[in-house]
Amino acid sequence: MLSPNMVLQYESGIAQQESEDNEDKQKNANNAFKLIRVISVLGKRTFYVDMVSTGSMPKVIKTEELERAIANQLVVKAKDPYLTFIHENDIPDKHKDIRDRNWEIVNFIWTNKKSELLSSNSIRGKCIRSVSLELSVPEITVRKLLKRFWQRGMSKNCMLPDFDHCGMKGTLKPVGSAKRGRPRNPDSNGNDVEGINITEGIRGFIAISINEEYRKNRKSLKEAYEYMKQRYFSDITFLNGEPIIRIWDDGRIPRYETFLYWFHKEEEDIEKDIIFREGKNQFNLLNRQLLSNSTLETFGPGSKYQIDATIADVYLVSSKNRSKIIGRPVVYVAIDVYSRLVTGIYVGLEGPSWLGATMLINNIVESKVEYCNKFGIKIKHEDWPCEYLPHVILADRGEFEGKCAENLIDNLGIRIENTPPYRGDLKGIVERYFRTLNEKVRHLSPGAILKEFKRRDGSPDYRLDAKLDLHEFTALIINCVLKHNKTIIQKYPKESGLIADGIPKIPVELWQWGIQNRLGGFVYREPDIVRLNLLPRIKASVTRQGIKIKTQYYSSEVCIREKWFINPVHKTIEVVHDPRDINYIYIPIKKGEDFIKCHLLEKSFAYKDLYFEEVVFHQELEAEQERGQTNKQNQIVADFNTDVQKVIDDAIEKTERQLINQSNRSRIAGIRTNRAEEKEWIREQESFELGKKELKNGQLVQISKPKTLESNPDLEALKRRRANNGGR
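Let us look at the structure shown here. From a predicted model like this one, the values you see are computed outputs, not experimental measurements. All chains use their own residue numbering, which begins from 1 and follows the written sequence. Per-residue local features are limited, in this predicted model, to residues with pLDDT of at least 70; the limit for side-chain atom pairs, both in listing and counting, is 80 or more; totals at the level of whole chains, interfaces and linings are taken over all residues. Hydrogens and waters are ignored; side-chain quantities use all the structure's heavy atoms.

### With respect to the overall build of the protein chain
Applied cut-off: Helix numbering and strand numbering both begin at the N terminus, where a helix is a DSSP run of H or I of at least 4 residues and a strand a DSSP run of E of at least 2. Relative accessible area decides the class of each residue, using a 1.4 Å probe on protein chains only: under 20% of the type maximum gives buried, over 50% gives exposed, and in between gives partly exposed. Pairs of residues are marked as contacts when any of their non-hydrogen atoms sit within 4.5 Å.
A tally of regular secondary structure across the protein chain gives 25 helices and 22 strands. When each of the 728 residues of the protein chain is scored for burial, the buried share is 38%. Once local pairs closer than 6 in sequence are excluded, the contacts in the protein chain between residues at least 24 apart make up 60%.

Pasting the structure below:
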């Protein structure tokens, strides 16, 4: 349906009835398409103006014919090129005055003389002349204002002047001989300084100086300007054979204000400048556009967890000896992106490392009721309703890269997404929670880090205020988590379903609503199977002494029953172990669906109840101690060899002296007799002397030796027979 102010685009072949403007007809013939504006619809006739021609006056066409052309798509509706919205406060007062004066003229003639303006050219001309005389306005001005009124939309603001189009704004003007711009102030001597025009070559010098000094070398714009003057607006002279740079006169150099003008006009690129000067990581972290949010990337609870670790701003004491300070704990947190519910925590001294991440994932899948009960905190399941793995884990590159994390991907069906380096902003939810958590901890915990400690004014050391042990600090963190899960999230982007159901922006409420109304991404696995896939694996040897890992030996009833240690067939197997507990290892069986639990054998109890790292430490310490004894051991061996060789050399010398004039035959023939004589001599040397000196009445007396036995013929005969038989 046709209506006033409608803009149409039509082909010039359409018949124009009752048009007496032959010049416009010729122009239309030379153009394939035209834009027209409907200014009035009077029954069977429709009046319009050409929006392109500057001298266009109203023309008429049959309404039926124009509607038929629209139906056949020979004429189509077009966008109004003059349709704009200008706020009244943005219009300068001078422009308003001009608009209001012009509007009084146009509004008067269009309201009172409309039928005459839409008549023939002669009637329209008489009408315009009469209005010109009545309002004391030149006839040409009235015609000009009417054309502007019809072509630009017949509104009051179409009477605004086009001053903003003056001066070819944004277009570079050709450089002539005359100096452009504001004249410079006279120099210190009162002489006029003309200055120079900025040519294309000088703009090139400005661009090079900005790229080289401001961006690459991270200098200031002032330093870049000085670099440009020294490099491009100077001469090199020699004084006493030394080159000296002479900067040109001020009138031949662009001013610093001009340098800044062209920088902002052509060279300034905010993103490019920050990346060049601060680096891309810094730009992405602090300066990039934030047009989305993390919640839009999820489709319900369990879709994605953000995981991170931080070192808490508080010092703890040992649970065994509270007088000892053990340093700051590591806090791991997992947060569901959709609901902002904290789904798991771990507080300990591990990490940040894969082992710490393992403990966090273990907490994600375990019952939070049982977990809190360990710390004396009684809760209901609905207070912390999370015991499932997510579909996606978003984490840092450190803990979740490598073979350990592959088990999560391949066996548990979890996708790992790692953020690029220095892009903690991509885990904004968990990062923000850490900042909030640390602030709470600093205000609640004795031994918290205080900024003023770094002052050298004798302030007390806050580390000495440490009072909490690891168990108590974990209880504090649990209470912080329970509070968070029931606290309104101020900047949470609610969706329409949450608004319709009146769900508050509380993590527990969002979690429960999301489970009932959104597609969750949970992955359920038995906790023991999850732990089996999380713990690190290590090679072990099957020997007759047991399953050997370094110097420790393990066994189990299953291994003994199946006779693993009798002539072992499998020399090497892969076992799972907890580095914090060396007492047990686990052998995966049935393709990872079950495991054999092996215990430490008694012969390895020297390392019982130790961490795996402690065992390695003790073994390395022992090896180091042995290496420390190397020189001493080498000296012992050298002394041994020297002493032995001396004994041998003395024996050779003594024997050689007594071998003079003795044949080899005689030496061999007398072996038996020699043995008997040597034995008799040895017996005399080794016989015990029973007599000894002792005190009697306080005086030393000599106990007499027993009398020598008389010679016995039978005994002498026995000795001779044994000698003849080789001493037997």
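### Considering the pairing of strand β15 (residues 537-543)
A regular strand carries its side chains on alternate faces of the sheet. Which entries qualify depends on this criterion: What makes two strands pair is DSSP finding at least two bridges between them.
In terms of strand pairing, β15 meets strand β18 (residues 572-578) through five bridges, oriented antiparallel. Each bridged residue has a counterpart across the sheet, and for Arg-537 the counterpart in β18 is Val-576. Relative to strand β16 (residues 546-549), β15 runs antiparallel, the two being bridged by three bridges. Note that in β16 the partner of Thr-543 across the bridge is Gly-546. Counting the residues in the hairpin turn of β15 and β16 gives two residues.

### Thoughts on the environment of Ile-566
Within the element layout of this structure, Ile-566 appears in the loop between α20 (557-561) and β18. Here Ile-566 falls in the exposed class, since its relative accessible area comes to 61%. With 20 residues separating them in the primary sequence, Ile-566 and Gly-546 have C-alpha atoms 9.8 Å apart.

### Things to note about the sheet that holds β15
Worth spelling out the cut-off: Angular values range over 0 to 180 degrees, each being the angle between N-to-C directions of two axes fitted as lines to C-alpha atoms, with helices fitted over their stretch in contact.
If you trace the six strands once around the closed barrel, you get β15-β16-β17-β20-β19-β18, paired in antiparallel fashion. On average, adjacent strands in this sheet sit at an angle of 45° to one another, irrespective of strand direction. Both strand β17 (residues 552-555) and strand β20 (residues 594-600) contribute to a ladder of two bridges, which runs antiparallel. Of the residues in β20, the one forming a bridge with Tyr-554 is Leu-600. Seen against the sheet, helix α19 (residues 527-534) touches β15, β18, β19 (581-589) and β20 and runs at an angle of roughly 70° to β20.

### A short note on the packing of aromatic side chains
Selection rule: Here is the rule: rings of Phe, Tyr and Trp (six-membered ring for Trp) pair when centre to centre is within 6.5 Å. Planes less than 30 degrees apart are stacked, more than 60 are edge-to-face, and the remainder are tilted.
This structure, assessed with the given rule, holds 15 aromatic pairs. Seen in terms of ring centroids, Trp-103 and Phe-149 are 6.1 Å apart; in terms of plane orientation they differ by 55°. Their pairing is tilted. With Trp-103 in helix α3 (residues 93-112) and Phe-149 in helix α6 (residues 139-151), the pair connects residues that are 46 residues apart, well separated along the chain. By relative accessible area, which is 3% here, Phe-149 ends up buried. Ring geometry for Trp-110 against Trp-150: centres 6.0 Å apart, planes inclined by 70°, an arrangement best described as edge-to-face.

### A few points about the pattern of salt bridges
Opposite charge on two side chains permits them to pair, given that their charged atoms come into close proximity. Here is the rule: Here a salt bridge means any side-chain nitrogen of Lys or Arg lying within 4 Å of a carboxyl oxygen belonging to Asp or Glu.
Counted under the stated rule, the structure contains 13 salt bridges. With a shortest N-O distance of 3.6 Å, Arg-143 and Glu-139 are connected by a salt bridge. Separated by four residues within a single helix, Arg-143 and Glu-139 lie in helix α6, roughly one turn from each other. With its nearest N and O atoms 3.1 Å apart, the salt bridge here joins Arg-328 to Asp-313. One end of the pair, Arg-328, is in the loop between β10 (325-327) and β11 (330-336); the other, Asp-313, is in the loop between β8 (304-311) and β9 (316-317), and 15 residues separate them in sequence. Its relative accessible area of 17% is what places Asp-313 among the buried residues.

### Some remarks on the pairing of strand β13 (residues 392-395)
Residues Val-392 and Leu-394 point to one face of β13 and Ile-393 and Ala-395 to the other, with burial holding for every one of them. Examined bridge by bridge, β8 and β13 share three bridges and lie parallel to one another. Following the sheet pairing, Tyr-305 is matched in β13 by Ile-393.

### Quick notes on the side chain of Ser-556
Looking at the secondary structure, you find Ser-556 in the loop between β17 and α20. For Ser-556, a relative accessible area of 3% puts it in the buried group. Once residues lying within four places of it in the same chain are set aside, the contact partners of Ser-556 are Ile-596, Lys-597, Cys-598 and His-599.

### Looking at the packing of α3 against α6
Quick note on the threshold: Comment on the angle field: the value is read as roughly parallel under 35 degrees, roughly antiparallel over 145, roughly perpendicular from 65 to 115, and oblique elsewhere.
The geometry of α3 relative to α6 is characterised by a closest axis approach of 10 Å and an angle of 80° between their N-to-C directions. In terms of orientation, α3 lies roughly perpendicular with respect to α6. In contact with Asn-102, Trp-103, Ile-105, Val-106, Ile-109 and Trp-110 of α3, α6 contributes Val-142, Leu-145, Leu-146, Phe-149 and Trp-150.

### Remarks on the packing of helix α7 (residues 200-216) against helix α8 (residues 221-232)
Selection criterion: By definition, any crossing whose near helix is turned counterclockwise from its far helix by less than a right angle is left-handed, and any crossing with a clockwise turn is right-handed. The nonpolar class holds Ala, Val, Leu, Ile, Met, Phe, Trp, Tyr, Cys and Pro. Asp, Glu, Lys and Arg form the charged class, and all remaining residues, Gly among them, are polar.
Contact geometry for α7 and α8: axes closest at 9 Å, N-to-C directions at 125°. Here α8 runs oblique to α7, going by the angle between their axes. Regarding α7 and α8, the two cross each other, and that crossing is right-handed. Contact with α7, carried on its side by Phe-205, Ile-206, Ile-208, Ser-209, Glu-212, Glu-213 and Tyr-214, involves Leu-221, Ala-224, Tyr-227, Met-228, Arg-231 and Tyr-232 of α8 and no other residues of that element. Grouping the constituent residues of the contact of α7 with α8 by class yields nine nonpolar, one polar and three charged.

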